[in-house]
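The chain contents come next:
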Amino acid sequence: MFKDTVIGFLKDKKSIDPNNDKIMVKAANKIQKQKRLSSNEFLRVYDSLWKEGPKVQYQNPDERIRHFQSINKYQNP
């Protein structure tokens, strides 16, 4: 099910970026046939699927470190 979604996305991607047309179609065919992608094909597919997520800001980023240090101090007497 997920494989069909990825294949459909890669084949639609060729209309958006004609330079990656051959690589994306070749990668989509390999995925459909359950064959391994070359490292170049994998990186192109990965870059086309990746979306940047939201930035996370912690109120007190050092609190996590202090918490784990206190746990380790009590576990290792």
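Residues numbered from 1 in each chain as written. Predicted model: local features only at pLDDT ≥ 70, side-chain atom pairs only at ≥ 80, totals over all residues. Heavy atoms only, no water.

A. Up close: the overall build of the chain. Secondary structure summary: the chain contains four helices and zero strands in total. For the chain, the N- to C-terminal ordering of α and β elements is α-α-α-α. The buried share of the chain, reckoned over its 77 residues, is 14%. Sequence separation of at least 24 residues holds for 37% of the intrachain contacts in the chain that already meet a minimum separation of 6. (Helix = DSSP H or I, 4+ residues; strand = E, 2+ residues; numbered from the N terminus. Buried < 20%, exposed > 50% of the residue type's maximum accessible area, 1.4 Å probe, protein only. Contact = heavy atoms within 4.5 Å.)

B. Structural context of the nonpolar core. Val 6, Ile 7, Leu 10, Met 24, Ala 27, Ala 28, Ile 31 and Val 45 form the largest nonpolar core, which has eight residues in total. When contributions to this core are tallied by element, the ones reaching two or more residues are helix 1 (2-16) and helix 2 (21-32). Looking at which element gives the most residues to this core, the answer is helix 2, with four residues. Residues within four places of Ile 31 in sequence aside, it is in contact with Lys 3, Val 6, Ile 7, Leu 10 and Leu 37. (Core = buried A, V, L, I, M, F, W, Y, C linked by side-chain atoms within 4.5 Å.)

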